[in-house]
Amino acid sequence: MARVPQFRLHGREPAVGNDVEAEIDFHLTEMADLLIAQGWEPNAARQEALRQFGSVERARRVLSRIDSQTRRRTRRFEVLGDLAQDVRVGFRGLLRQPTFALTAVATLGLAIGANAAMFGIVDRLLLRPPAHISDPARVQRVTVARWLDGRLTEPWSSISYPAFTYLRDGVPSFSHVAAVDGATLSLGLGAEARRVRAELATGRFFELVGTRPALGRFFGDQEDQRPNGTAVAVLSEALWRTGFGADAQVVGRKVILNGRPFEIVGVTPRGFTGLGLAPVDMWVPFSAGGMALGRAGNHHTWTQRGWQFIEAVVRLAEGATVARAAEEAASAYQRGHADYDEFEARARPTLTAITGANASADPLHAAEARVAGWLFGVTLLVLLIASANVSNLLLARGLARRAELALRTALGAGRWRLGRQLAAESGLLAVLGAGVGLLLAQGAGGLARRSLLAGTAWTESPVNGRVLLVTIAVTAFAALLAGLLPLVRSARTDAAGELRGSARAAGGGSNRLRIGLLLVQTTLSTALLAGAGLFLRSVERVRRIDLGIDAQHALAVGVNLTGIGATPEQAREFYRQAVERLATVPGVEAVGPIIGAPFMSNSSEGVRVPGLDTMPRLPGGGPYYFRAGPGTLEALGVRLLRGRLFTAGDRAGAPPVAVVSDRMARLLWPGKDPIGRCFVAAPSDSAAPCREVVGIVADLHRQELDEAPFMLYFTVIDQWSEPGVPDQILVRAKGSPEELIEPVRRALLELRSDLPYVNARPYEEIIAPQSRSWRLGAAMLTGFGTLSLVIAAMGLYGVLSFAVTQRIREFGIRTALGATPGRLIRGVVAGGVGVAIAGVGLGLVIVAAISGRLTPLLYRTTAGDPLVLASAALIVLLIGAIASAVPARRAARVDPIGALRAE
Amino acid sequence: MPGADLDLLRGTLDLLVLRALAADPQHGFGVARWIRQVTHDDIRIEDAALYTSLHRLEQRGAVKSEWATTPNNRRAKYYALTPAGRRALTQESARWTAYAAAVFRVLKTQREAIRLLEQMG
């Protein structure tokens, strides 16, 4: 039984049954031949061979079964072996083309790094609850929305102490209610004093949180008894480390807070930041902290329902629902305020989770979180661009290697095998990229945290377990994306055609694919650049806001004297001397005391104007006032429009005067000259004098960067109905206010050496956090936009220079036929710029489509800002033209003879 | 010894097959022929059992197989020892020899006992 010899391709296995069949056949044939040679007659020989063999049927079954098992087993090993083989081959391939490999790895590395870094940030700001809170889903923050003009206002996070007691005592669905109040305390005295961020927390706060101290114990309800509580403090792990040398014996030590001794009772676990995300240095009982802040004598701290300064946090009881708890909270809050005013009696407390953008009640944090969420989306776009680029590079390489691939196909390499090879290559690139990316994320993520997100406590490394997991996913995604198109392309490779023609002949369809990818890249780059431009413009506009004061040269200097036992008279005397002393410090241009200050705090008091029946009202209330002295307004840098500012003659006993804002002047005395007219502040006080308006200043901001002008006025501290102690001294520096910080501190310590921390801050620093979200957006989007543009430019360059190589022969012929170099250059550049124009158009369409969502993140900038869009478009086109020009010049320099001979 | 009925232990058959492949790769027919030649047909093995043994050895990784052309231009599946197979052959031969020696000693004692009984009548 002769069999036709079969030529078999490596890697393809015939069915197991056929194999067994052939083997048995061979045996029987050989045996029969042997018998025939011994003289048997052919038919008998065949019979004998079969007899000796035994049951052919059964043998077939048994052998097939064994072989099937064997194959299944070996295949498993082969897959692993092949994988190692693919990776080895891929690695060698990359080493052969280091430029390609470096470009691809760098591209993917940048994109993956950006993703890892941004995920780390988003994870902290948006996804995870603050650390060390047990069962965080049941912990909620109370905010209160109020009715205004028939609409509920944005919820406000501050409530009064009495309101806190209503929630604490009247809501069965809450198992714990605590109040917290952030404050800056001075730790230590004199030159050694430093500033710490403290949280004043009511007694059950730590019980509510449900964590354990790293050292010692937390304080409890018995240490928070009104009015003064027990002077104990819990240190954060970070302060314990940096300020106390991680001393294991720290528990029991005394520290001086605002001049008063406190006993350290414990240290929190590492990374604990309370219920917010901002770093906190220590926790003190609400009552004791209030005492250190000098609130002890202030009865309104405990009793005034209008004194809204604390944040309430609650833990829901087992089985309680948020909806039910919110209902109960609303009725408790409204019951408590029934006899107060309609505003509060109808107010609606709401509960918000402590996870996500709500993690901090601080609206600045929420804005940052929103921007960070967007930026994470942006990094995904960058990843998309990078993957498209690597895909393009792989395609180009694939084209260059078509002949090689076709040859390997003809030699029996399965498509599957070739496909796997390509997949291994893109996977290898992605894994190398991920390595580069993680290094970048570690560095850049740390930098972004320090410079742009300084208001958040970052205890974890920028690359942590969760970031690693996401990076793995992102890498797999990038590998798939980059490898998919070349893979699909290679699957359609026609071996015969490829071998006959050359690489030149191939690739019409593939060029369309690559141009499509380029289009995606330029489109996304345009959109990103436009986004960056919009944020930059927001930052620029924020920078240009006329605050009405000169924040760039002002320094705010505060010292809390109540803690060191100074009486109000002594404190006033200290401030008088301090102002005198600071006036002599070199570099100080103006100096004056103030109570309340723009962007810090202010007060409101009703105003009556003789001859005016009804006071005009503005949506935000007012008029608001600050109390100042001679020199203060100069130090603040207000712009005097008419009249004069305060002088040394405006003292107690002299006729009371006021300086009003332009807005107030126009609203109260429309069409008249306000100078010399008067108004009564605090009209309920029958003894209140009529204050003469001596000056009008340009409108200044009260509290926020983004606000409409309020009615504001300044009065003189010593001319107010009750004598006040200044809480700040404002200093105007000739040069940079930073340089004055140390001289000012030294000068004050010379006056009195046991001062608590002298808090001297440049005014800009007080305002800066408000513009952080825009600066974050601008910095990151500019970075990512530039990155994506560079990637897209590399892509454009790569595709065009490849196209030129493919068409060398054509260019040669055209040059030979008399085409001028200029003409060839124009042709190539037109191709590149054409893609860029289409991409720019699509990019602008995308920006228009998302403008509705983008605008709220910007500052007085619309997503359709023509200047920004035009610049983004121009930049992309310019880069496109440059990226096209280089290969175009090469096309023009083609030597016709050489090109024609090369084939 | 009429071999056809001898029911060989599978381990023994495996050992014979491994030994058959010790020198050169062989196809199944070659293995069968070699065993017949060296045993002078004393041990008759059904060919089906021989092939089962070959395939099992392949599954265990003791032998590997490959299709190749015979001198008279037929396609045949050739088996060769793997390093693992070579190790198995050495170990199994040693064990089998020791085992056979032990059995032989027992049989010798028994033969003497029988002779003794016969003498005593």
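These numbers come from a predicted model, not from an experiment. (Residues numbered from 1 in each chain as written. Chains lettered and ligands numbered in written order. Predicted model: local features only at pLDDT ≥ 70, side-chain atom pairs only at ≥ 80, totals over all residues.)

Quick look at the overall build of chain A
Filter applied, for reference: Segments assigned H or I by DSSP are reported as helices when at least four residues long, segments assigned E as strands when at least two residues long, and all are numbered from the N terminus. Placing C-beta atoms from the backbone, we regard two residues as in contact once those atoms come within 7 Å.
Within chain A, the secondary structure is distributed over 27 helices and 25 strands. The long-range share in chain A, meaning contacts at least 24 apart out of those at least 6 apart in sequence, stands at 83%.

Looking at the overall build of chain B
In plain terms, the rule: In this scheme the burial state of a residue depends on its C-beta neighbours within 10 Å: 20 or more other such atoms mean buried, 12 or fewer mean exposed, and anything in between means partly exposed; the C-beta positions come from the backbone.
Check the secondary structure of chain B and you find 4 helices and 3 strands. Each helix and strand of chain B, placed in order from N terminus to C terminus, yields the pattern α-β-α-α-β-β-α. Split into buried and exposed, the 121 residues of chain B put 28% on the buried side. Considering only residue pairs separated by 6 or more positions, chain B has 53% of its internal contacts joining residues 24 or more positions apart.

Quick word on the interface of chain B and chain A
Put simply, the test is: Basically, the charged four are Asp, Glu, Lys and Arg, the nonpolar ten are Ala, Val, Leu, Ile, Met, Phe, Trp, Tyr, Cys and Pro, and anything else, Gly included, counts as polar.
At the junction of the two partners, chain B supplies 17 residues and chain A supplies 19 residues. Of all elements in the fold, only helix H2 (28–38), helix H3 (47–59) and strand S3 (75–81) of chain B reach the threshold of two or more residues within the side of chain B that touches chain A. It is H3(B) that provides the largest number of residues to the side of chain B that touches chain A, a total of 9 residues. Residue composition of the side of chain B that touches chain A, by class: 5 nonpolar, 5 polar and 7 charged.

Looking at the nonpolar core
Most often, soluble globular proteins have nonpolar side chains that are buried together. Residues and elements named next belong to chain A. Going by this rule: A set of buried Ala, Val, Leu, Ile, Met, Phe, Trp, Tyr and Cys residues, joined through C-beta atoms within 7 Å, is what we mean by a nonpolar core. Note that the domain bounds were set by an automatic or database domain assignment.
With 131 residues, the main nonpolar core has Leu167, Ala233, Ala312, Leu555, Val659, Leu730 and Val731 as its most contacted residues. Residue contributions to this core peak at 8 residues, all from strand S5 (residues 174–187). Three or more residues apiece are contributed to this core by two domains, here domain 3 (136–354) and domain 4 (560–757).

Focus on helix H26 (residues 866–892) of chain A
For clarity, the threshold we go by: What a helix should span is 1.5 Å times the count of its residues minus one. Throughout, bend refers to the angle between the axes fitted to the seven residues that end at a position and the seven residues that start at it.
Counted at 1.5 Å a residue, the expected span for H26(A) with its 27 residues is 39 Å, and the 37 Å between its end C-alpha atoms agrees. The largest bend along H26(A) measures about 30° and falls at Ala885(A), with the proline Pro887(A) one to four residues further on.

With respect to the environment of Arg617(A)
Residue and element names in this part refer to chain A. Within the element layout of this structure, Arg617 appears in the loop between strand S17 (607–608) and strand S18 (624–628). Taking the C-beta count within 10 Å as the criterion, Arg617 has 10 such neighbours and is therefore assigned exposed. Separated by 93 residues in sequence, Arg617 and Phe710 place their C-alpha atoms 9.9 Å apart.

Some thoughts on the sheet that holds S3(B)
Residue and element names in this part refer to chain B. What counts is decided by this rule: Pairing between strands requires that DSSP locate at least two bridges from one strand to the other.
Within the open sheet, the 3 strands sit side by side as S1-S3-S2. Their pairing is antiparallel. Both edges of this open sheet fall to strand S1 (26–27) and strand S2 (63–69), since each of them pairs with a single strand only. One ladder, built from 2 bridges, connects S1 with S3; its direction is antiparallel. By the bridge assignment, Gln26 is partnered in S3 with Tyr79.

Re the environment of Gly30(B)
Summarising the element assignment, Gly30(B) is placed in helix H2. Separated by 48 residues in sequence, Gly30(B) and Tyr78(B) have C-alpha atoms that sit 9.2 Å apart.

Concerning the confidence of the model for chain B
Condition: Confidence of the predictor at the level of single residues is given by pLDDT, which spans 0 to 100.
Averaged over all residues, the pLDDT of chain B is 83; the fraction at 70 or higher stands at 91%. For this predicted complex, the interface confidence score (ipTM) comes to 0.85, while the overall pTM stands at 0.67.

Let's talk about the pairing of strand S20 (residues 657–661) of chain A
All names here are of chain A. Along S20, 5 of the 5 residues are buried, which leaves the element largely enclosed by surrounding structure. Here S20 shows two buried faces, one formed by Val657, Val659 and Ser661 and the other by Ala658 and Val660. Judged from the 5 bridges that link them, S20 and strand S22 (residues 690–697) form a sheet pairing that is parallel. Pairing of Ser661 across the sheet is with Val697, part of S22. As paired elements, S20 and strand S23 (residues 712–716) share 3 bridges and run antiparallel to each other. Across the sheet, residue Val659 finds its bridge partner in S23, namely Phe714.

Some points on the pairing of strand S11 (residues 282–285) of chain A
All names here are of chain A. Every second residue of S11 is oriented toward a common face, with Met282 and Val284 on one face and Trp283 and Pro285 on the other, all of them buried. Sheet topology note: the strand S6 (residues 194–201)/S11 ladder contains 4 bridges and is parallel. Bridged to Glu199 within S11 is Trp283. Two strands pair when backbone bridges link them, and strand S8 (residues 232–235) and S11 are joined in this way by 2 bridges, in the antiparallel orientation. In the strand pairing of S11, Val234 is matched with Trp283.

Observations regarding the environment of Glu742(A)
By the element assignment, Glu742(A) lies in helix H21 (residues 741–751). The sequence separation of Glu742(A) and Ala760(A) amounts to 18 residues, and the corresponding C-alpha distance is 8.5 Å.

Quick look at the confidence of the model for chain A
Residues and elements named next belong to chain A. Per-chain confidence: chain A averages 83 in pLDDT, with 91% of residues scoring 70 or above. Within the model, the stretch residues 1–12 combines pLDDT values under 50 with 11 contacts to residues more than four positions away or in other chains. Considering only residues more than four positions removed or in separate chains, one finds that residues 501–507, a stretch of pLDDT under 50, has 13 contacts.

A closer look at the packing of helix H18 (residues 568–583) of chain A against H21(A)
Residue and element names in this part refer to chain A. Put simply, the rule is: Axis definition: a line fit to C-alpha positions, over the contact stretch in the case of helices; interaxial angles, taken between N-to-C directions, run 0 to 180 degrees. Angle categories are assigned with fixed cut-offs, so that under 35 degrees is roughly parallel, over 145 is roughly antiparallel, 65 to 115 is roughly perpendicular, and the rest are oblique. The crossing is said to be left-handed when, going from far helix to near helix, the turn is anticlockwise and less than a right angle, and right-handed when the turn is clockwise.
With their axes 10 Å apart at the nearest point, H18 and H21 run at an angle of 135° to one another. With respect to their mutual orientation, H18 and H21 come out oblique. H21 is crossed by H18, and the crossing has right-handed handedness. On H21, the residues touching Gln577, Ala578, Arg581 and Leu582 of H18 are Val744, Ala747, Leu748 and Leu751. Residues belonging to the contact of H18 with H21 are distributed by class as follows: 6 nonpolar, 1 polar and 1 charged.

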